[in-house]
Amino acid sequence: EVRGAWWRCAPPLGSARPAMPTYDVGGVPVEFPYEAYDCQLAYMQSVVRALDNGDNALLESPTGTGKTLCLLCAALGWRRHRQQQVSEARNSWEKQADPNAPAVGCPRIWYASRTHSQLKQVVQELKKTSYRPWSVVLGSREHFCIHSSVGRHSGARQNAMCKRARDENRCPFYIGLRKAGSKVNTSLMDIEEIVTACKGNGICPFYKCREDAKEAELLLIPYDYLINPQTRESLQVPLQNSILVFDEGHNIEKSCEQAASFELKAVDLPNCIAELDDAYDLLEAGEINSEEALGEMTADQLMSHINLLKKNLMALEESIYSDKLERDPTTDRTMMRAPGSQILRVFARGGKSSEGILPKDAKRINTVIRKVIACLTFSMDTVSSGGQNLDKLQSMLAVLFKPETEELDRNYHMLIYEEDTEENKKGVKRKAVDFFSDMASSHTRDQKQRTVALWCFSCSVALRQLEKLGVHSLIITSGTLSPIEGTVQAFGVPFPVVLTNSHVIDVNKQLWGGVLPAGPEGAALDASFGQRDEPAYIRDLGRAVQQLSSYVPDGLLLAFNSYGQKDSMLRSWRQSGVYEEIARSKPIFDEPRGNYELQSMMEGYNRALDKPRQPGGPIGGAILAAVCRGKLCEGIDFTDRQCRLVVMVGIPYPSRHDLRVVLKQSFLDSRGSEGDGRAWYCREAIRAVNQTLGRVIRHRHDFGGVLLADTRYARDGRLANISRGLSSWILPRMSVLGTFQAALEGCRT
């Protein structure tokens, strides 16, 4: 229960409360800053129903329907209503005797999204409401630290340097927090505003937010912080009876699986040993004898533990290379794969130099790593690695020993594999480890580098862990969760409340769509692996884009499967002269990989859109050549003129060369029935399509079109099975276009 009173959800005393419409949503008064549309009321009703019953909810609502605003208002309105009920019950004997009265306190709300930039948008939406909860944004030291020395570093090194600066009273901002932390109110601030306010008052923003989180009612956080058990535990804020909201939930399946997985390359072990050597040398030279670094140990004791851990790591390296690998026909890789519990055998097996690593050793190893990192960062001016490789090893062991054996076999695969790269063919030299004569490397330096991995293939592992913590409700929401049935099954936890919402627009008047199987010259538009390099396809796709760009006003989003496909296509168009023909109608702006270059590119794109059309000249506007699952198709809002037409080139299946993708399909087929792997593969593709097509409509008065430029979206003149997974608001507007002229006519209307 969050200590506090219901008035924390109200505006501060002395401020004018905005007059906003109030709606009765399932018996809960919800204030909303605008006149709510039917789809918005339906969304808020689903939220309230889930919270009333303590149920999980899976809510899909198209981009542009005000999903974030609806979620905030419904959840905060419900929380205020619950707080009033709890307060009344505490002050009434009659209410306390009522079996229907709330039996627990008022849950706090954790609002999680993928990135801090998305959370910044959530804060902006929160400011539009009448609700004023005690809120705080949580993040890592890398986002918050303003110390001139500590702030330059990251990871384990930064954490250890921060601890040392605090212990020695050398951080003025941490001292300032203790003296005057109450000067800054973090409510209704995004992360940049918090850092600015704290810096101006000489207060540490990282620990200010950590302290506020203990009492806050609304906590905003990147969702990896909640999914990852180690990061979650470091927050030291209990999740029991909390409402967990995961926005942009179409990415959560992958994030959950990655948080429960790890990879350890054989080359990582020498790096860990090198860090142990560095710490050993410092201790042996007598440079580290501080209690802050050693704690209850003496230098000699820690040196002994370092030698033991080095032996353990050498034995692990021997173990990794002791298994015989074979060419796997499914993946065409040299590898060995086995049920997940076999990873315990690899770590426990040991070698000539030492015994292996067992679960009982985890505590000892964690202690040694923590002290070694403290030694490596003892000097604030140190140039060592800071123990980053050991920190990675520590995180791996936490993943390794957390699940039970049955859980490992049910939801994990263990594998050892070799990469067929040029580097491996040459062999990789490693640093010699010679502190004992019998501790040489167990494999020859000409052997290929191996990787041992424990891969989780079910996001239910992470979601069930959250449920076991006693959360009140788990709400996962996104504009693109379709196909919804497969999504529910993949999550592996019950979702009694499921919503597939309609759009705020009149799709019959404001949206046009179609499948384009062939280009203007009749060539099949087929971006499959065997056809995408065909000259006729490349040429006719270019002609199609050129003619569409001369008909469509404003911005056109041209989405490719991958950066490789995009770069190859644009290069071919340049060589053939098609690129220049397209640019006569609209200049092409190419999505870069870096954030800085992306911002500069978008500024140029917007300037091109703002140029007035010349009488008798081209229609104007510009083209964005983007990539599915990239920044433009995932996280950028295109409003009005920025996107009038989305052209989807090909079907963005996950890479068939990705080892993890291949094994995920195999895992699903073996755990369920034959074909489950293929169903997941198609679901991932169509969800990426839905996310991309959703860029076209951003608000009630927006309009535009979507075009699937690939013959595989159609079959025998009708929509193919994969197209049936399109979002429910798009699907009714889709038809197979018999000619390219029909596409041009659609753009005219």
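Residues numbered from 1 in each chain as written. Predicted model: local features only at pLDDT ≥ 70, side-chain atom pairs only at ≥ 80, totals over all residues. Heavy atoms only, no water.

A. Region of interest: the overall build of the protein. A count of helices and strands for the protein gives 31 helices and 22 strands. Relative to the compact-globule value of 27 Å for 749 residues, the protein shows a C-alpha radius of gyration of 29 Å, a close match. With respect to the principal axes defined by its C-alpha atoms, the protein has extents near 85 × 75 × 50 Å. Classification of the 749 residues of the protein by burial places 58% in the buried group. Partitioning the intrachain contacts of the protein with sequence separation of at least 6 by distance along the chain shows that 79% fall at a separation of at least 24. Put simply, the protein has 93 plus and 91 minus side-chain charges, and the middle of one group is 2 Å from the middle of the other. (Helix = DSSP H or I, 4+ residues; strand = E, 2+ residues; numbered from the N terminus. Rg over C-alpha atoms; globule rule 2.2 N^0.38 Å. Buried < 20%, exposed > 50% of the residue type's maximum accessible area, 1.4 Å probe, protein only. Contact = heavy atoms within 4.5 Å. Lys, Arg positive; Asp, Glu negative; His and termini not counted. Charge placed at Lys NZ, Arg CZ, Asp CG, Glu CD.)

B. Fine view of the environment of tyrosine 412. Tracing the backbone through its elements, the reader meets tyrosine 412 in strand β11 (residues 412-418). Through-space distance from the C-alpha of tyrosine 412 to that of isoleucine 343 is 9.8 Å; in sequence the pair is 69 residues apart. Look past the residues within four positions of tyrosine 412 in its chain and what remains in contact with it is Ala260, Pro339, Gly340, Pro403, Glu407, Leu454, Trp455, Cys456, Val461 and Phe667.

C. Representation of the nonpolar core in the model. Among the nonpolar cores identified, the biggest contains 93 residues, and Met44, Trp110, Leu244, Phe246, Leu463, Ile475 and Ile476 are the most heavily contacted of them. Of the residues forming this core, the biggest block, 9 residues, is contributed by helix α2 (residues 67-90). Setting aside anything within four residues of it in sequence, one finds isoleucine 475 in contact with Val47, Leu51, Ala57, Leu59, Leu71, Ile243, Leu244, Val245 and Phe246. By size, the runner-up hydrophobic cluster in this structure holds 57 residues, among which are Ala279, Leu283, Ile365 and Leu454. (Core = buried A, V, L, I, M, F, W, Y, C linked by side-chain atoms within 4.5 Å.)

D. Examining the pattern of salt bridges more closely. Summed over all chains, the structure comprises 39 salt bridges. Note that arginine 712 is salt-bridged to aspartate 710, the shortest N-O span being 3.0 Å. Judged by relative accessible area, which is 0%, aspartate 710 ranks as buried. Salt bridges linked by common partners bring Glu253, Glu257, Lys664, Glu684 and Arg687 together as one network. (Salt bridge = Lys/Arg side-chain N within 4 Å of Asp/Glu carboxyl O.)

E. Molecular detail of helix α21 (residues 460-468). Taken residue by residue, α21 has Ser460, Val461, Ala462, Leu463 and Leu466 as its buried positions. Looking one or two residues beyond α21, the residue adopting positive phi is glycine 470, at roughly 80°.

F. Layout of the packing of helix α13 (residues 268-284) against helix α15 (residues 299-322). Direction vectors running N to C along α13 and α15 enclose 165°, while the axes themselves pass 10 Å from each other. Relative to α15, the element α13 lies roughly antiparallel. Note on packing geometry: the crossing formed by α13 with α15 is left-handed. The residues of α15 that touch α13, namely those facing Leu269, Pro270, Cys272, Ile273, Leu276, Asp277, Ala279, Tyr280, Leu283 and Glu284, are Ala299, Leu302, Met303, Ile306, Asn307, Leu309, Lys310, Leu313, Met314, Leu316, Glu317 and Ile320. Considered class by class, the residues forming the contact of α13 with α15 number 17 nonpolar, 1 polar and 4 charged. (Axes fitted to C-alpha atoms, helices over the stretch in contact; angles between N-to-C directions. Parallel < 35°, antiparallel > 145°, perpendicular 65-115°, else oblique. Left-handed = near helix turned anticlockwise from the far one by under 90°. Nonpolar A, V, L, I, M, F, W, Y, C, P; charged D, E, K, R; others polar.)

G. Seen up close, the side chain of aspartate 702. Within the secondary structure, aspartate 702 sits in the loop between α30 (676-693) and β20 (704-709). The residues contacting aspartate 702, other than those within four sequence positions of it, are Ile505, Gln510, Phe638, Asp640, Arg644, Val696 and Ile697.

H. Representation of the sheet that holds strand β9 (residues 326-328). Ordered in space as β8-β12-β11-β10-β9, the 5 strands form an open sheet in which the pairing is antiparallel. At either end of the open sheet lies a strand with only one pairing partner, and these are β8 (262-265) and β9. Neighbour-to-neighbour, the strand axes of this sheet turn through a mean angle of 30°, independent of strand direction. (Pairing = 2+ DSSP bridges.)

I. Broad picture of the confidence of the model for the protein. Overall, the predicted model of the protein reaches an average pLDDT of 88, with 91% of residues at or above 70. Within the model, the stretch residues 1-16 combines pLDDT values under 50 with 35 contacts to residues more than four positions away or in other chains. Every residue in residues 423-442 is under pLDDT 50, and counting partners more than four places away or in other chains gives 39 contacts. (pLDDT = per-residue confidence, 0-100.)

J. Local environment of helix α9 (residues 205-213). Along α9, 8 of the 9 residues are buried, which leaves the element largely enclosed by surrounding structure. Burial in α9 covers these residues: Pro205, Phe206, Tyr207, Lys208, Cys209, Arg210, Asp212 and Ala213.

K. Spatial organisation of the pairing of strand β18 (residues 622-627). With 6 of 6 residues buried, β18 lies mostly within the body of the structure. Side chains of β18 alternate between two faces, with Ala622, Leu624 and Ala626 and Ile623, Ala625 and Val627 buried alike. Across 6 bridges, strand β16 (residues 555-560) lies against β18 in parallel orientation. Within the sheet, the bridge partner assigned to leucine 558 lies in β18 and is alanine 625.

L. Geometry of the packing of aromatic side chains. Taken as a whole and assessed by the stated rule, the structure comprises 11 aromatic pairs. For the pair phenylalanine 262 and phenylalanine 347, a centre-to-centre distance of 6.3 Å together with 90° between the ring planes defines the contact as edge-to-face. Placement of phenylalanine 262 in strand β8 and of phenylalanine 347 in helix α16 (residues 342-349) is noted, with a sequence separation of 85 residues between them. Its relative accessible area of 2% is what places phenylalanine 347 among the buried residues. Through pairs of rings, three or more aromatic residues link up here, namely Tyr417, Trp455, Phe457 and Phe667. A cation sits over an aromatic face here: arginine 593 above tyrosine 563, 4.3 Å from the ring centre. Just above the ring of phenylalanine 529 sits the side chain of arginine 656; from NZ or CZ to the centre is 4.0 Å. (Phe/Tyr/Trp six-rings, centres within 6.5 Å; stacked < 30°, edge-to-face > 60°. Lys NZ or Arg CZ within 6 Å of the ring centre and 35° of its normal.)

M. Unusual backbone geometry, seen in detail. Here the bond from serine 482 into proline 483 is cis, since omega is 0°, no more than 30 degrees from zero. The topology assignment puts proline 483 in the loop between β13 (473-478) and α22 (484-491). If you check the backbone angles, asparagine 241 has positive phi at about 60° while not being a glycine. Its location among the elements puts asparagine 241 in the loop between α11 (229-234) and β7 (243-246). Non-glycine residue aspartate 640 carries a positive phi angle of around 55°.

N. Main features of the environment of phenylalanine 560. Along the polypeptide, phenylalanine 560 turns up in strand β16. When the C-alpha positions of phenylalanine 560 and cysteine 204 are compared, they lie 44 Å apart, and in sequence the two are 356 residues distant.

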